[in-house]
2 protein chains.
Amino acid sequence: MQKFNKKEYIESIKSLHSADQADSIESLPYEIQSSILRTNTKNFHPDFIAYLREETRDDILHMIPNKQLVNLIKYLDLDDAVEILGDFETKELVQILSKLGSQQRERIEESLQYDENSAGRLMNRDYLSIKSNLTVGELIDQLRNSRRGPKDFYNIFIVDDQNIPIGYIPSGRVLRSKRSKKLKDIIYKDIHIIKSDEKIEDIAYTFRQYGLVSAPVVNLDNKMIGIMTVDDVVEIDHEESEDDMRKLGGLFVNDFYKGAFTSATSRFIWLGLNLLTAILASLVIDIYSDQLQQMIAIAVLMPIVASMGGNAGTQAMTIYVRAIATKDINNSNYIKLVVKEFLIGSINGFALSLIMGLIAYYWFDSLVLAFAISFAILINLGFACLVGIIIPITINKMKIDPALASGIVLTTFTDVFGFLSFLSIATYILNL
Amino acid sequence: MQKFNKKEYIESIKSLHSADQADSIESLPYEIQSSILRTNTKNFHPDFIAYLREETRDDILHMIPNKQLVNLIKYLDLDDAVEILGDFETKELVQILSKLGSQQRERIEESLQYDENSAGRLMNRDYLSIKSNLTVGELIDQLRNSRRGPKDFYNIFIVDDQNIPIGYIPSGRVLRSKRSKKLKDIIYKDIHIIKSDEKIEDIAYTFRQYGLVSAPVVNLDNKMIGIMTVDDVVEIDHEESEDDMRKLGGLFVNDFYKGAFTSATSRFIWLGLNLLTAILASLVIDIYSDQLQQMIAIAVLMPIVASMGGNAGTQAMTIYVRAIATKDINNSNYIKLVVKEFLIGSINGFALSLIMGLIAYYWFDSLVLAFAISFAILINLGFACLVGIIIPITINKMKIDPALASGIVLTTFTDVFGFLSFLSIATYILNL
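Residues numbered from 1 in each chain as written. Chains lettered and ligands numbered in written order. Predicted model: local features only at pLDDT ≥ 70, side-chain atom pairs only at ≥ 80, totals over all residues. Heavy atoms only, no water.

Asker: Mind showing me how you'd approach empty space enclosed by the protein here?
Answerer: Gaps between atoms show up when a probe of the same size as a water molecule is rolled over them. Evaluation of the coordinates by the stated rule reveals one cavity of 30 Å³ or more. Roughly 1000 Å³ of internal volume is contained in the largest cavity. As for the largest cavity, its lining consists of 45 residues, and the residues nearest its centre are Asn311, Thr314 and Thr411 of chain A together with Asn311 and Thr314 of chain B. Elements with a contribution of two residues or more to the lining of the largest cavity: helix H14 (230-248), helix H15 (260-287), helix H17 (296-325) and helix H20 (402-429) of chain A together with helix H14 (230-248), helix H15 (260-287), helix H17 (296-325) and helix H20 (402-429) of chain B. The leading source of residues in the lining of the largest cavity is H17 of chain A, at nine residues. By residue class, the composition of the lining of the largest cavity is 22 nonpolar, 21 polar and two charged. (1 Å grid on protein atoms, 1.4 Å probe; cavity = no way out; pocket = protein on both sides within 12 Å on 5 of 7 lines; lining within 4 Å. Points joined across faces, edges and corners; volume = space filled by probe spheres on them. Helix = DSSP H or I, 4+ residues; strand = E, 2+ residues; numbered from the N terminus. Nonpolar A, V, L, I, M, F, W, Y, C, P; charged D, E, K, R; others polar.)

Asker: It is not clear to me how the interface of chain A and chain B should be interpreted in this structure. Could you clarify?
Answerer: Frequently, the measure chosen for interface size is the accessible area that the parts lose on association. At the interface, 124 residues of chain A touch 124 residues of chain B. When chain A packs against chain B, close to 10300 Å² is buried across both sides, 63% of that on carbon and sulfur atoms. Run the count over chain A and chain B and you get eight salt bridges. A salt bridge links Asp328 of chain B to Arg53 of chain A; its shortest N-O distance comes to 3.6 Å. Between the two partners, chain A and chain B, sit 54 residue pairs in polar contact (both at pLDDT 80 or more). (Contact = heavy atoms within 4.5 Å. Buried area = accessible area lost by both parts, 1.4 Å probe. Salt bridge = Lys/Arg side-chain N within 4 Å of Asp/Glu carboxyl O. Polar contact = N/O pair within 3.5 Å; in protein donor to acceptor, adjacent residues only side chain to side chain.)

Asker: Just checking my understanding: could you explain the packing of aromatic side chains for this structure?
Answerer: How two aromatic rings sit relative to each other is given by the distance of their centres and the angle of their planes. Residue and element names in this part refer to chain A. In this structure the tally under the stated criterion is 19 aromatic pairs over all chains. Measuring from ring centre to ring centre gives 5.5 Å for Tyr168 and Tyr188, while their planes differ by 35°; the resulting arrangement is tilted. Here Tyr188 lies in the loop between helix H12 (183-186) and strand E4 (194-195) and Tyr168 lies in strand E3 (residues 165-170), a separation of 20 residues in the sequence. Lying over the aromatic face of Tyr334, Lys397 brings its terminal NZ or CZ to 5.1 Å of the ring centre. (Phe/Tyr/Trp six-rings, centres within 6.5 Å; stacked < 30°, edge-to-face > 60°. Lys NZ or Arg CZ within 6 Å of the ring centre and 35° of its normal.)

Asker: Can you walk me through the relation of the copies chain A and chain B in this structure?
Answerer: What connects the two chain copies is a rotation about an axis and a shift along it. When chain A is fitted to chain B, the residual RMSD is 0.2 Å, and the transformation amounts to a turn of 180° plus an axial shift of 0.0 Å. Such a combination of rotation and displacement between the chain copies is what one expects of a two-fold axis. Comparing contact sets, 100% of the residues at the interface of chain A also lie at the interface in chain B, consistent with an isologous, same-surface contact. (Least-squares fit on C-alpha atoms with pLDDT ≥ 70 in both.)

Asker: Would you mind going over the pattern of salt bridges with me for this structure?
Answerer: A side chain of one charge can pair with a side chain of the opposite charge if their charged atoms are brought near each other. Within the structure shown, the criterion is met by 30 salt bridges over all chains. Measuring nitrogen to oxygen at the nearest pair gives 3.0 Å for the salt bridge that ties Arg125 of chain A to Glu110 of chain A. With a gap of 15 residues between them, Arg125 of chain A in the loop between helix H9 (119-122) and strand E1 (129-131) and Glu110 of chain A in helix H8 (residues 102-112) connect regions that are remote in the sequence. Arg125 of chain A gets classed as buried once you look at its relative accessible area, which sits at 11%. Glu110 of chain A sits in the partly exposed class, given a relative accessible area of 39%. Residue Asp255 of chain B is joined to Arg267 of chain B by a salt bridge in which the shortest nitrogen-to-oxygen separation is 2.8 Å. Separated by twelve residues along the polypeptide, Asp255 of chain B in the loop between H14 and H15 and Arg267 of chain B in helix H15 bring together distant segments of the chain. One salt-bridge network, held together by shared partners, links Asp23, Glu26 and Arg53 of chain A together with Asp328 of chain B. (Buried < 20%, exposed > 50% of the residue type's maximum accessible area, 1.4 Å probe, protein only.)

As structure tokens, then:
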């Protein structure tokens, strides 16, 4: 490997966008990261730290000396600053806050009072809200002469006398209207309001569903206290999907940027749980060990039954874990969907049992064995599709994350039921 | 079930947002959908059809009589109209196009010349581009007096004399600037330009990475021909993630809204492939059937080895399928990551082999059997993590979708290798 040239590296990323600077730093080896970040943060855009991934942010922020970190945070938008400071321990947090200007500090403290994944925490408090009795000309004059509110913005929110949002006007629409036009004549009233305690998943759904660019956030009295913008939401929504995908694959965290040992540790928990499941299935097989010895063909075929059930169950589970996340399941369609899954399992179970029955018959030249595996596959597929929908919904009702827990519970069911059904049917009809 | 009241239903969804109307219609049973759509589309917002899911759109659009469909399409934005018409057969398409106004028709035809998932197809051709030599006042006057361009917009794109985009100004920023201010003094030059042949995955990445609200699309000569806006991209990005998640779960399409029989058919292909894999694994077991008969404990334990390998491989595969999608893997870090995976597999393999060795020893009271399963688990986990990274990357290089194909190839490897390694090790050291 050629020697790393720090100076050259910094020169090469200097002109990049902050998001790309963050990516580049994240992909460096640990030692080089820390050597660069200890002294060179002045060469980066201050908001590169806002673009760091959640998984690596903690490690990277702790490489930056506190004094430099404070200088970076001063330049951040409120939502970014809050996101970053939310990860710090109280002691460090207090230290950093004490070095910020009083206005920024107060705003950060206010936001930190809300739950980690709520609108109150994620929103920006720098926004424009206007009364609807103004004309376009008066609004423009006010914007030109006042320093209140953000420099750049996309929507202007209209509030009533109680500061309750009643509509919005895209700023482009203001630009296209004559000065004498009253705001109340160009207002859009189909406004989507976000409550300060609303959770990110729900906010992301609202933005996506209605194609929003920004939306007002209100407190418990419905008074406007901030806005959320689409760029934050895109990021959150993306992370949510990625999270679910990872969890379905048996990962608690995204370890792409972590070292081998840390990754191994975090993956071990899942594998340990799966070991228990696998042992449970083996215990079932063990019950039939005498019969297996009499007809070893059963041992040869038994993994097929369990594997088919596992796969069919995973298909169903994948559909419903996502349907829960996107709020497509409700009490009115639940029963209908369960019936549908049972039908799917039965149809595919029938087709696969025919195929496998024929194969087993030609392979082992035994009609009864062929019938046993056929029958086992048929009932296993019906069962697998049923538990594939029931498990995620039940787990979700228990307030456990269905993406995380469904897989392991499903495998336990399909493995145990798969071996048990085939072995019991086979030993029964073969009179073993 | 109580009888469905069509009139009441239409009344109840009349005032909903088009996106919610689309959701509501999608969740109805087939017969009711078709009975409502044949005659009542006038009661819906015309753009409800733009909000239909891809999976159901085709079915639903074909329930609407062509004449009504034309009336709905007339109200759609270009990008929505193009998306919908792109699904039609040539004959029907020509028929519908012939009934549209000439301006809309020409624009749709232009867009349809681009590839299905490219910016040229997805973009809107109604946008604002301005020369930078104007002042804020001149721009506002021009916007007020001209009908060119969209009614609502967020960014104003600045182009040079060749119509090449050189920057943008958020419309809010224009509102905050004095009339005498020159546009070239308030322009942002860090503009992200999209090529007309760029694919949606790449566009979504750009929007997310840089938090964009809209971006200009240029043709091969770098001249501006349209814009893409974040609401379309959020939707696309979301669908891409959902697609990958589904495919990893063994689903070719999202069958949530499909009937049981259609769902069963689409899931069958995957299960059929898995049946082949399972049979392959059974063939391996069959080779050792004599030895299994001599020591049935091997048959009892063998699913554990295959299952552990499968799970560890899936963890690795999940990470890298996503890393490929988000462009986090490149030639420079590929070898490093393969080494890391091998380490992870070895670390967890070592831990799990110790645990399982102890369990097997106490269970079957056989030190050699305990050693055999320990050793098999150790090499299986190393192997599983290795193929977990190599398979998706190799499949991706072969231009096959890694989310779709990785799972089945991985299971084949981990199953066959799992049974083969354990059975061969066990029969060798047990002298069977």
